[in-house]
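# Examining the three-dimensional arrangement
Each chain, letter by letter, is given below.
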Amino acid sequence: MKNPFHRPLSAFWLASSAIALIVAVILPAVLLPFHLRVLQQIFLFGGMAIAWGFLGGFTTYWSFGHTAFIGLGAFSSALFEQWLGPAIAPELRLACGLLIAVVITFAVAILIALPILKLRGVYFAIGMLAFAEILGEASRNFDIFQGAIGVSLPAVSLPGVSSVSLFYWLFLMLFVVNSLIFIALRRSRIGMGLICIGQDEDTANMLGVPAERHKRIAFVLSACMISIGGVLYAHSLGFITTGSVFRVEHSLDMIVFNMLGGIGTVIGPALGTAIMVFVTQIVLGRLLDYHLMLTGVILIAIVSLAPAGLIGLVESRYRRRRSTQIGTAL
Amino acid sequence: MSSILSVRSLNRNFGGLRAIHDLSFELQRGAITSIVGPNGAGKSTLFNMFTGYLRPTSGQILFNNKSIVGLPPHLICGRGIARAFQIAKPFPQLSVEKNIWVAAEFGASGYRDPAAVVEHAIETCRLLPWRHAEASSLSVGTLRRLELACAMAARPTLLLADEPCAGLNETETREVTDVLLEIKAAGVTVLLVEHDMKAVRRISGRVIVIEAGRKIADGPPSDVLSNQVVIDAYLGSAA
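Computed from a predicted structure; not experimentally measured. Per chain, residue numbering runs from 1 following the sequence as it is written. Written order determines the labels here, with chains lettered from A and ligands numbered from 1. Only residues with pLDDT of at least 70 are given local features in this predicted model, and only at 80 or more are side-chain atom pairs given and counted; all residues enter the totals for whole chains, interfaces and linings. Just so you know, side-chain values use all the structure's heavy atoms and leave hydrogens and water out.

### Things to note about the confidence of the model for chain B
A residue's pLDDT is the confidence the predictor assigns to it, expressed on a 0 to 100 scale. For chain B, the average pLDDT comes to 88, and 96% of its residues sit at 70 or higher. Complex prediction metrics read pTM 0.87 and ipTM 0.82.

This is the structure we're talking about:
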């Protein structure tokens, strides 16, 4: 008997992922900058939506405040790199900024995890929302953080590579790393524990799952990867204010992308992000006023028609077809 | 041989209510012992303290001669106490197999090969036809056996069974008690809380009667269940 929690990684999926990755890597050579920017957004926000799922994908601990970690990463790196000064090469400053952002986010996430993971369900969601608000307000109102006036970031570049392509590759890398972390997590003991916590936390505890520890690991890991996303995002913007990185929309997007595609998977949030970014950037590119309204309509449609997302919809169709086949065979 | 569980002058108050009142007993290794008593006598409170969900107000609980008071539930599970609930609480959207696997994987710390344990639990608890079924689709009797299977797969040395026969018909009751006997035969000590006196008589070697948090009788089922104090307090004169 094999571990029933391990889904076999099919050769088909591995091969198609590898091909997709190769295609994605060489795309900057053929695409127009505008289309590259659209793909940039898909990889950046898709990667972050996947990182949101480290905790929210397996359990009902749905964070409504993950923008806190985008902002935390962005401001930690921006202020540290400003302090380092222009004498140091921008690329080295980015590396230092990444390091410091991860260290700070790690510390903050561990501290906040203790009280906030004691809250369940909607209380956790609201707690995270408040946490993000507090950090945002702090960055805006304390002068040392310069959130109100804004902070500039060094312009990172590589010889012979356009800035659009460079950030495209960085975001792609983040996306791939987060996907791999998610898959590794799902196949690990921690992932198994998290799935159980999502089903019934008390029973999980009863059967010996160290629920507190597993939740904390997933939360901190998620926070750190989001923070890295925040650092890269800030550098791609070149200039950040509180309003650009501490945005409720960022938090909501991570949830909407997951819900649209299918929570608890890698493909789900990636697909959800791709659809939403495509629709809002390309289809509605000239109708920005309708953007938020459309997000609302899509959200209502998913919740009522496909609560398990598009992946869930496809899976249940497939299962129904298979079960009727078995039915006729019997 | 030393006792596996030792309860010493245990007290638990809820506000002004004394749910458990100076309770002491020792549990013999390898036997099935039943705790009976009217609803509200403190049986569930007792189980909640044994599994770390409630802290005693005072007194000691020793498991294998070590205190377990104040330990969190997952560590107590790791030491070897498992519990099957009266109202079965499986992971609803996971299959029977997965439910049991989790218990095997996390139950006893440091265990490396859950597969054999899972197979054994599925067979002993007669769950083979349902192994791929979602837990939420099971009937009450099957669910109760799934609870026992999970508790077994955690490889406990002490199993706390909380009214495993409540609401079951005679056939189902017999199936559950058979499973309990097999668990005992495998060397596991069983502490049973049950209202079904037929089941209690059939499988337990010793009965402890509690009422309003106090022990009022303790001994072999034939003696205890004909004891006048027990009949007045719990069974009723018609029994």
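### Thoughts on the interface of chain A and chain B
Whether two residues are in contact is decided by their heavy atoms, any of which lying within 4.5 Å being enough. Listed as interface residues are 22 residues of chain A and, on the opposing side, 27 residues of chain B. Taken together, both faces of the contact between chain A and chain B bury some 2300 Å²; the carbon and sulfur share is 69%. Summed over both partners, the accessible area (1.4 Å probe) lost when two parts come together is defined as the buried area. Of all residues in chain A, A:Met1, A:Met206 and A:Leu207 give up the largest surface area on contact with chain B, accounting jointly for 33% of the area buried on that side. For this analysis, a salt bridge means a side-chain nitrogen from Lys or Arg found within 4 Å of a carboxyl oxygen belonging to Asp or Glu. Taken together, chain A and chain B are joined by 2 salt bridges. A:Arg189 serves as the salt-bridge partner of B:Glu105, at 3.0 Å between the closest nitrogen and oxygen. Counted as a polar contact is a pair of N or O atoms within 3.5 Å, where, for protein atoms, one must be capable of donating a hydrogen and the other of accepting one, and residues adjacent in sequence contribute only when both atoms are in side chains. Inspection of the chain A/chain B interface yields 4 residue pairs in polar contact (both at pLDDT 80 or more). Strands here are runs of E lasting at least two residues and helices are runs of H or I lasting at least four, both read from the DSSP assignment and numbered beginning at the N terminus. Those elements giving two or more residues to the side of chain A that touches chain B turn out to be α7 (189-199) and α8 (201-206) of chain A. Of the residues forming the side of chain A that touches chain B, the biggest block, 6 residues, is contributed by α7(A). Polar here means any residue other than Ala, Val, Leu, Ile, Met, Phe, Trp, Tyr, Cys and Pro, which are nonpolar, and Asp, Glu, Lys and Arg, which are charged; Gly is therefore polar. Among the residues making up the side of chain A that touches chain B, the classes are represented as 11 nonpolar, 7 polar and 4 charged.

### With respect to the environment of B:Ser3
All names here are of chain B. Residue position: Ser3 is located in the segment before β1 (5-14). Its relative accessible area of 11% is what places Ser3 among the buried residues. Ser3 sits 60 residues away from Phe63 along the chain, and the two C-alpha atoms are 8.5 Å apart. What Ser3 contacts, discounting residues up to four positions off in sequence, is Glu26, Leu27 and Arg29. A distance of 2.6 Å separates a polar atom in the side chain of Ser3 from a polar atom in the side chain of Glu26. For the exposure calls, accessible area comes from a 1.4 Å probe over protein chains only, and a residue counts as buried if that area is under 20% of its type's maximum, exposed if over 50%, partly exposed in between.

### Brief notes about a nonpolar patch on the surface
Where nonpolar side chains cluster on the molecular surface, the patch consists of A:Leu21, A:Ile22, A:Val25, A:Ile26 and A:Trp169 and spans about 450 Å² of accessible area. The element best represented in the nonpolar patch is helix α1 (residues 11-26) of chain A, accounting for 4 residues. In this analysis, a patch consists of residues with relative accessible area above 30% that form no salt bridge, clustered at 9 Å for like charges and at 5 Å for the nonpolar side chains Val, Leu, Ile, Met, Phe, Trp and Tyr. Under the convention used here, a 1.4 Å probe and the Shrake-Rupley method define accessible areas, while residue burial counts only the protein chains that appear.

### Section: empty space enclosed by the protein
Cavities and pockets were defined on a 1 Å grid built from protein atoms only: a cavity is a group of points that admits a 1.4 Å probe but offers it no way out, a pocket is an open group of points flanked by protein on both sides within 12 Å along at least five of seven lines, and a lining residue is one with an atom within 4 Å of any such point. Grid points are joined across faces, edges and corners, and a volume is the space filled by probe spheres set on the points. Enumeration over the complete set of coordinates arrives at 2 cavities of 30 Å³ or more. Lining of the largest cavity is provided by A:Thr203, A:Met206, A:Leu207, B:Arg83, B:Phe85, B:Lys89, B:Pro90, B:Phe91, B:Asn99, B:Glu147, B:Cys150 and B:Ala151. Those elements that provide at least two residues to the lining of the largest cavity are α8 of chain A together with α5 (140-153) of chain B. In terms of residue class, the lining of the largest cavity is built from 7 nonpolar, 2 polar and 3 charged. Its volume calculated, the second largest cavity comes out at about 40 Å³.

### As for the side chain of A:His66
Residue and element names in this part refer to chain A. For His66, the location among the structural elements is in the loop between α2 (33-56) and α3 (67-84). Looking at His66, its side chain comes within polar contact range of the side chain of Ser222, at 2.8 Å. In contact with His66, not counting residues within four places along its chain, are Trp52, Met128, Ser222, Ile226, Ser251 and Met254.

### Re the packing of aromatic side chains
Pairing of aromatic rings covers Phe, Tyr and the six-membered ring of Trp, with a centre-to-centre limit of 6.5 Å; geometry is then stacked below 30 degrees between planes, edge-to-face above 60, and tilted otherwise. Per the counting criterion, the structure on display carries 16 aromatic pairs over all chains. Here A:Trp52 and A:Trp62 contribute two aromatic rings whose centre-to-centre distance is 5.8 Å and whose plane-to-plane angle is 70°, an arrangement assigned as edge-to-face. Here A:Trp52 is found in helix α2, whereas its partner A:Trp62 is found in the loop between α2 and α3, with 10 residues between them in sequence. Among the aromatic side chains, those forming a connected cluster through ring pairs are A:Tyr61, A:Phe69, A:Phe124, A:Phe131 and A:Phe219. Whether a charge sits over a ring comes down to the Lys NZ or Arg CZ being within 6 Å of the ring centre and within 35 degrees of the ring normal. Residue placement shows B:Lys98 over the ring face of A:Phe5; its charged tip is 5.3 Å from the ring centre.

### A word on the packing of helix α11 (residues 248-261) of chain A against helix α13 (residues 291-305) of chain A
The angle between the axes and the distance between the axes are what describe a pair of packed helices. All names here are of chain A. Viewed as axis vectors pointing N to C, α11 and α13 meet at an angle of 45°, and their least axial separation amounts to 10 Å. Taken together, the axes of α11 and α13 are oblique relative to one another. Between α11 and α13 the crossing geometry is left-handed. Contacts between α11 and α13 involve Val256, Met259 and Leu260 on the former and, on the latter, Ile298, Leu299, Ile302 and Val303. Each axis is a line fitted through C-alpha atoms, and for a helix only the stretch in contact is used; angles between axes span 0 to 180 degrees, taken between their N-to-C directions. Should an angle lie under 35 degrees it is considered roughly parallel, over 145 roughly antiparallel, and from 65 to 115 roughly perpendicular; all remaining angles are considered oblique. Each helix crossing is assigned a hand: it is left-handed if the near helix lies turned anticlockwise from the far helix by less than a right angle, otherwise right-handed if that turn is clockwise.

### Here's the deal with unusual backbone geometry
A positive phi angle is found at A:Gln146, which is not glycine, with a value near 55°. Its identity as a non-glycine residue notwithstanding, B:Glu163 has a phi of 45°, on the positive side. Mapped onto the elements of the fold, B:Glu163 is located in the loop between β7 (158-162) and α6 (170-185). Look at B:Glu163 and you get buried, because its relative accessible area is 8%.

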